Protein chains: 2
Amino acid sequence: MTDFSVDTVHRQGILFILSGPSGVGKDTVLSHALPHLGTIRRSVSATTRPQRPDERDGMDYFFVSTEAFVRMMEGGELLEHAPVHGYLYGTPRTWVLEQLHAGADVVLEIDVQGAVQVKTNFPEAILIFLAPPSWRELARRLRERNTEGEASIKRRLENARQELARVDQYEYLIINDRVEEASARLQAIVTAERCRPFRQDISGLVEEIVNGN
Amino acid sequence: MTDFSVDTVHRQGILFILSGPSGVGKDTVLSHALPHLGTIRRSVSATTRPQRPDERDGMDYFFVSTEAFVRMMEGGELLEHAPVHGYLYGTPRTWVLEQLHAGADVVLEIDVQGAVQVKTNFPEAILIFLAPPSWRELARRLRERNTEGEASIKRRLENARQELARVDQYEYLIINDRVEEASARLQAIVTAERCRPFRQDISGLVEEIVNGN
């Protein structure tokens, strides 16, 4: 008889990482899916990138100075950090680990370099790659966002090429053709991962069997 | 740059196996989920068990004589076969392989022995264990079905004990508390598995990148 007691007494939270090229729609898809994901917490990244008009400090990002960011790096306060398009991005370590340890699922929305970094330290993290339906469409979305110049867009497209080559390191790939469908697939992935045998508490059922009820 | 062409040119179908103890509700959950699973084909098992009043030959099972079953075994025509509660059950091989090769997903509803047998031959098969919410509830369902005597029910419960010990060989575990919820989880698992990177055709996207569009 298998002993379930060790694995199931304390359920560790699941760490989901949604990443993909800049402009692919990570934020839109995740915001659409979040209300349907049950108990899950969204991690807020720290960045040195300037705040955009529609962004809220402490909600979308923690907007910090480069000096403050470097202090966080030196203090080992970041789970991953990476320079992206000339700015620094990172995930506060303590908050994420506390959530997981308390049994809460966490979702990170980070770039591909960061995702691969976290996977190295947390092989049990679930990596989800969000890809554009076409290259032309990605370029169109970046231009539509219109917050940066053409040189920056070209650099983002070049990065996206390199990022797509790492999709085979990911557990899942979602093509973001329509937001509703991409969101439904993300919801399905979260539900499915919660159905892994080692993540479910069947100790009550096993106990009933052992006691021969 | 990763070469996607080999993996994605021809998509092999996914083989899903739903199994679990006798009486747990495999048929009810699968029938509820099937209309929502997109293009998937349900395999029909062969059995020497007597036909129940509500069952249709060729739809629920192929009801065959023991002699005919043994000839199928000898001819290598079964993907898996196992004696269950005194009768023989098996999955016709050719039909399943043809579907998978043509790119169609297939779902088998079979017992735990059979599921583990198929997994040995097809490590890429996705095993889903359907478990009762409690032991008491499983016993109640078996008695309610009321097609067999108490000795047969006791034997099914004893088998169920042994089957539950193999749940760690499964990819997924669904607790069948309410049919609608169990069905929703099954749907999520099928959707999530279709989101595996190697099962999706992104050759168009990759080609666009290679051509520098």
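Reading the values: the criteria
- Residues numbered from 1 in each chain as written.
- Chains lettered and ligands numbered in written order.
- Predicted model: local features only at pLDDT ≥ 70, side-chain atom pairs only at ≥ 80, totals over all residues.
- Helix = DSSP H or I, 4+ residues; strand = E, 2+ residues; numbered from the N terminus.
- Buried ≥ 20, exposed ≤ 12 C-beta atoms within 10 Å, placed from the backbone.
- Contact = placed C-beta atoms within 7 Å.
- Least-squares fit on C-alpha atoms with pLDDT ≥ 70 in both.
- Pairing = 2+ DSSP bridges.
- Axes fitted to C-alpha atoms, helices over the stretch in contact; angles between N-to-C directions.
- Nonpolar A, V, L, I, M, F, W, Y, C, P; charged D, E, K, R; others polar.
- Left-handed = near helix turned anticlockwise from the far one by under 90°.
- pLDDT = per-residue confidence, 0-100.
- Parallel < 35°, antiparallel > 145°, perpendicular 65-115°, else oblique.

A closer look at the overall build of chain A
If you tally the helices and strands in chain A, you get nine helices and nine strands. The dimensions of chain A, computed from C-alpha atoms along their principal axes, are 70 × 40 × 30 Å. Evaluated residue by residue, chain A yields a buried proportion of 37% over its 213 residues. Once local pairs closer than 6 in sequence are excluded, the contacts in chain A between residues at least 24 apart make up 71%.

What about the relation of the copies chain B and chain A?
Between chain B and chain A, which share one sequence, the superposing operator has a rotation angle of 180° and an axial displacement of 0.0 Å; the RMSD is 0.0 Å. In short, the pair behaves as if placed about a two-fold rotation axis. Residue Ala-188 of chain B, judged by its C-alpha, is the member of chain B lying nearest the rotation axis, at 2.1 Å. The share of interface residues of chain B whose copies in chain A are also at the interface is 100%, consistent with both copies meeting through the same surface.

Focus: the sheet that holds strand β6 (residues 87-92) of chain B
Residue and element names in this part refer to chain B. Sheet architecture is open: four strands sit in the order β4-β3-β6-β5, paired in mixed fashion. This sheet does not close on itself; its edge strands, each paired only once, are β4 (61-63) and β5 (78-84). With direction set aside, neighbouring strand axes in the sheet form an average angle of 25°. With six bridges connecting them, β5 and β6 associate as antiparallel partners. Within β6, the residue paired with Leu-78 across the bridge is Pro-92. Lying over the sheet, helix α5 (residues 112-121) contacts β5 and β6, oriented at roughly 155° with respect to β5.

Side note on the pairing of strand β1 (residues 15-19) of chain B
Residue and element names in this part refer to chain B. Counting buried positions along β1 gives five out of five residues, so the element sits mostly inside the fold. Of the two faces of β1, the one holding Leu-15, Ile-17 and Ser-19 and the one holding Phe-16 and Leu-18 are both buried throughout. Pairing geometry for β1 and strand β7 (residues 105-109), over four bridges, is parallel. Its bridge partner being in β7, Leu-18 is matched across the sheet by Glu-109. As judged from the four bridges shared by β1 and strand β8 (residues 126-131), these two strands associate in the parallel manner. Note on β8: the bridge partner recorded for Leu-18 is Ile-128.

Points about the interface of chain B and chain A
The interface of chain B with chain A comprises 30 residues on the first partner and 30 residues on the second. Taken together, the elements giving at least two residues each to the side of chain B that touches chain A come down to β8, α6 (135-145), α7 (150-164), β9 (172-175), α8 (179-194) and α9 (203-210) of chain B. Among the elements that make up the side of chain B that touches chain A, the one with the highest residue count is α8 of chain B (five residues). In terms of residue class, the side of chain B that touches chain A is built from 19 nonpolar, five polar and six charged.

Concerning the sheet that holds strand β7 (residues 105-109) of chain A
Residues and elements named next belong to chain A. Judged by pairing direction, the sheet is parallel, and its five strands sit side by side in the order β2-β7-β1-β8-β9 without closing on themselves. Only two strands of the sheet have a single neighbouring strand rather than two, namely β2 (40-42) and β9 (172-175). For this sheet, the mean angle separating the axes of adjacent strands, direction not counted, is 25°.

Re the environment of Tyr-89 of chain A
Residues and elements named next belong to chain A. Looking at where Tyr-89 falls in the secondary structure, it is placed in strand β6 (residues 87-92). For Tyr-89 and Ile-153, which are 64 residues apart along the polypeptide, the C-alpha to C-alpha distance reads 18 Å. Each residue touching Tyr-89, except ones within four places of it in the same chain, is listed here: Ser-45, Thr-47, His-81, Ala-82, Val-84, Ile-110, Asp-111 and Gly-114.

Some details on the packing of helix α6 (residues 135-145) of chain A against helix α7 (residues 150-164) of chain A
All names here are of chain A. At a closest axis distance of 10 Å, the pairing of α6 and α7 adopts a crossing angle of 145°. Viewed along their axes, α6 and α7 form a crossing whose handedness is right-handed. Judged by residue contacts, Leu-138, Ala-139, Leu-142 and Arg-143 of α6 engage Ile-153, Arg-156, Leu-157 and Ala-160 from α7. Among the residues forming the contact of α6 with α7, the class breakdown is six nonpolar, no polar and two charged.

Comments concerning the environment of Glu-208 of chain A
Checked against the element boundaries, Glu-208 of chain A lands in helix α9 (residues 203-210). Linking Glu-208 of chain A and Arg-140 of chain A, residues 68 residues apart in sequence, is a C-alpha distance of 59 Å.

Examining unusual backbone geometry
Non-glycine residue His-85 of chain A carries a positive phi angle of around 50°. Take His-85 of chain A: there are 13 C-beta atoms within 10 Å of it, and that puts it in the partly exposed class.

Some points on the confidence of the model for chain A
Atomic detail in the predicted coordinates should be set aside for any region of low pLDDT. Here chain A averages 88 in pLDDT, while 92% of its residues score no lower than 70. Taken together, the stretch residues 1-9 of chain A has pLDDT below 50 and engages in 13 contacts with residues farther than four places along the chain or on a different chain.

Some remarks on the environment of Leu-108 of chain A
Residues and elements named next belong to chain A. Tracing the sequence through the fold places Leu-108 in strand β7. Residue class for Leu-108 comes out buried when judged on the 23 C-beta atoms lying within 10 Å of it. In this structure, the C-alpha to C-alpha distance between Leu-108 and Ile-202, residues 94 residues apart in sequence, is 28 Å. Beyond its immediate stretch of four places on either side in the chain, Leu-108 contacts Ile-17, Ser-43 and Thr-91.

What to know about the packing of helix α8 (residues 179-194) of chain A against α8 of chain B
Put simply, α8 of chain A and α8 of chain B touch, their axes get as near as 8 Å, and they point 110° apart. Judged on the interaxial angle alone, α8 of chain B and α8 of chain A are roughly perpendicular. As for how α8 of chain A packs across α8 of chain B, the hand of that crossing is left-handed. Judged by residue contacts, Arg-185, Ala-188, Ile-189, Thr-191 and Ala-192 of chain A of α8 of chain A engage Arg-185, Ala-188, Ile-189, Thr-191 and Ala-192 of chain B from α8 of chain B. Residue classes in the contact of α8 of chain A with α8 of chain B are distributed as six nonpolar, two polar and two charged.

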